[in-house]
Amino acid sequence: MEIRKLNALRGIAAIIVFVTHFSDITHWLDGALGGGAGAYGVMLFFLLSGFLMSHLYLGTGFTPRGVKHYFVARFARVVPLYLLVVFASFTLTQGGSDLLYHIPDHQALLAHVLFLHGDSVLWSIPPEVQFYVLFVLLWLFAATRRGYIYLLIVGSLLLLFFTNFPRIYGEIQGVPYNQFTVLRSLPYFFIGVIFGLHYKTLTIPPYLRKHGFILALCLIPLMYPELSPVTSDAKNRMWLSYEVLLVMSVVFFCVVFLVPDNNILLANKVGDFFGKISYSLYLLHMPVITFIHQFDWVVEIKLVASFALSTAVAFVSFACIERPIAGFIRRSADVGNLKQTERARPKARPF
């Protein structure tokens, strides 16, 4: 069953990233909405990813066919458009243009293809893909020893805290890698997994399911470095702050568990639309903002033009690239499974 309001939440995450990058590039509002605050949008993406994978798969049987279906679905959802952007960026960079992203040589290209490193917004895809692999271990535990999931998550959070998120990055034969970005992202995937485990079983009293809990989303701008009343370094540490993890988890819990599913601000066609194009919007908005910024327009016109063009480009990408390729990959995998099933059936002997 689709949780419709999550479409809008996914769209909000992409728009947070867009607004932050627009503010940084154009210095709109003196950059008050920038300063790395787009991280909060990516945190929402990671919470959503962990939640949905947990919700969809941890209650199903751990079988070879199930695992294959899982990897096909994840691959089809994320990888094709990402690789298209990566190879297009590499080709353009070789031609002297950074219209997309800067991938200057074959070593950098290999790092992107192997999900070891990512330029600009592409940095978030390697943690996502690497978590897909780790999730299989959680799925195995869910099928046999579910309690181990909680031990693994709590142990990982403690280890990351006491080791201060190890800065594991560098180069191997000129190929850059950055596991630090993966490690700092793990807490958000893990919290999403825990929420997903309990979504079907946690009973929320009717008096707590109120539309007003949507106001929890207002906590996000209160953590922006230029807007936050917080005086500690948490607002600057962001990914490395468990205080930020707590606030983002509260926001996510309120929206997913406490806001009614029929909330008109989340469950609507606009939210559905931006949820569908959110991945393309996330990957492709930066080049659009950079392109629009070169024109001598007032910043408000640049904002409207950047958002409108980014939305249009994201829709075309979703409709013409993302959705068709994902559908083709899934259908091809289904055909392959059907053929394997037919081969495995014992053939009837003639009389």
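Everything numeric in this text was worked out from a predicted model, so none of it was measured.

## A closer look at the side chain of His-21
Along the chain, His-21 falls in helix H1 (residues 5-26). Judged by its relative accessible area of 17%, His-21 falls in the buried class. Within the structure, the side chain of His-21 is placed 2.7 Å from the side chain of His-285, a separation counted as a polar contact. For His-21, the contacting residues outside a window of four places in its chain are Val-121, His-285, Met-286 and Ile-289.

## As for the pairing of strand E2 (residues 175-178)
Sheet analysis places strand E1 (residues 169-172) next to E2, joined by four bridges and oriented antiparallel. Bridging across to E2, Gly-170 finds its partner in Tyr-177. Between E1 and E2, which follow one another and run antiparallel, lie two residues, and Gln-173 among them has a positive phi close to 55 degrees.

## Brief notes about the environment of Asn-262
Residue placement: Asn-262 occurs in the loop between helix H9 (242-258) and helix H10 (269-293). Asn-262 gets classed as exposed once you look at its relative accessible area, which sits at 59%. Along the primary structure Asn-262 and Ile-3 are separated by 259 residues, whereas in three dimensions their C-alpha atoms are 9.9 Å apart. Those residues in contact with Asn-262 that sit more than four places away from it in its chain are His-211 and Ala-267.

## Some words on the packing of helix H2 (residues 39-57) against helix H5 (residues 125-144)
It is at 11 Å that the axes of H2 and H5 come closest, and there the two elements cross at 30 degrees. Compared by their axis directions, H2 and H5 come out roughly parallel. Judged by the twist between their axes, the crossing of H2 over H5 is right-handed. From H2, Phe-46, Ser-49, Gly-50, Met-53, Ser-54 and Tyr-57 reach across to H5, where they touch Pro-127, Glu-128, Phe-131, Tyr-132, Phe-135 and Trp-139. Among the residues making up the contact of H2 with H5, the classes are represented as eight nonpolar, three polar and one charged.

## Let's talk about helix H4 (residues 106-113)
Along H4, the residues classified as buried are Ala-108, Leu-109, Ala-111 and His-112. Looking straight down H4, one finds that the buried residues subtend no more than 160 degrees of arc, so they occupy a single side. In the core, the buried residues of H4 are packed alongside helix H3 (64-94) and E2. N-capping of H4 is provided by Asp-105, with a side-chain oxygen placed 3.2 Å from the backbone N of Gln-107.

## Focus on the nonpolar core
Core analysis: the largest hydrophobic core is formed by 104 residues, its most contacted members being Tyr-40, Trp-239 and Met-248. Looking at this core, the element that brings in the most residues is H2, giving 12 residues. Residues contacting Tyr-40, with those up to four places away along its chain left out, are Ile-220, Met-223, Tyr-224, Lys-235, Met-238, Val-244 and Met-248.

## Describing the pattern of salt bridges
Where charged atoms from two side chains of opposite charge come close, those side chains can pair. Inspection of the entire model under this criterion finds four salt bridges. A salt bridge links Glu-322 to Arg-77, with the nearest nitrogen and oxygen atoms 2.7 Å apart. Of the two residues, Glu-322 sits in helix H11 (residues 299-344) while Arg-77 sits in helix H3, which places them 245 residues apart along the sequence. For Glu-322, a relative accessible area of 7% corresponds to the buried category. As a salt-bridge pair, Asp-261 and Arg-209 come within 3.9 Å of each other at their nearest N and O atoms. Here Arg-209 lies in the loop between helix H7 (180-198) and helix H8 (234-237) and Asp-261 lies in the loop between H9 and H10, a separation of 52 residues in the sequence. Judged by relative accessible area, Asp-261 falls into the partly exposed class, the value being 39%.

## A word on the side chain of Ser-241
You can see Ser-241 is positioned in the loop between H8 and H9. By relative accessible area, Ser-241 is classed as buried at 2%. Discounting chain neighbours no more than four positions away, the residues touching Ser-241 are Tyr-188 and Ala-234.

## A word on H9
Residues spaced three or four apart along an α-helix face the same direction, because each turn holds 3.6 residues. For H9, with 17 residues, the first-to-last C-alpha span of 22 Å sits near the 24 Å given by 1.5 Å per residue. Taken as a whole, H9 has its buried residues at Val-244, Leu-245, Met-248, Ser-249, Val-251, Phe-252, Cys-254, Val-255, Val-256, Phe-257 and Leu-258. Lining the buried residues of H9 we find H1, H2, H7 and H8.

What counts as what
Residues numbered from 1 in each chain as written. Predicted model: local features only at pLDDT ≥ 70, side-chain atom pairs only at ≥ 80, totals over all residues. Heavy atoms only, no water. Helix = DSSP H or I, 4+ residues; strand = E, 2+ residues; numbered from the N terminus. Buried < 20%, exposed > 50% of the residue type's maximum accessible area, 1.4 Å probe, protein only. Polar contact = N/O pair within 3.5 Å; in protein donor to acceptor, adjacent residues only side chain to side chain. Contact = heavy atoms within 4.5 Å. Pairing = 2+ DSSP bridges. Axes fitted to C-alpha atoms, helices over the stretch in contact; angles between N-to-C directions. Parallel < 35°, antiparallel > 145°, perpendicular 65-115°, else oblique. Left-handed = near helix turned anticlockwise from the far one by under 90°. Nonpolar A, V, L, I, M, F, W, Y, C, P; charged D, E, K, R; others polar. Arc of directions from axis to C-beta. Core = buried A, V, L, I, M, F, W, Y, C linked by side-chain atoms within 4.5 Å. Salt bridge = Lys/Arg side-chain N within 4 Å of Asp/Glu carboxyl O. Expected span 1.5 Å × (residues − 1).

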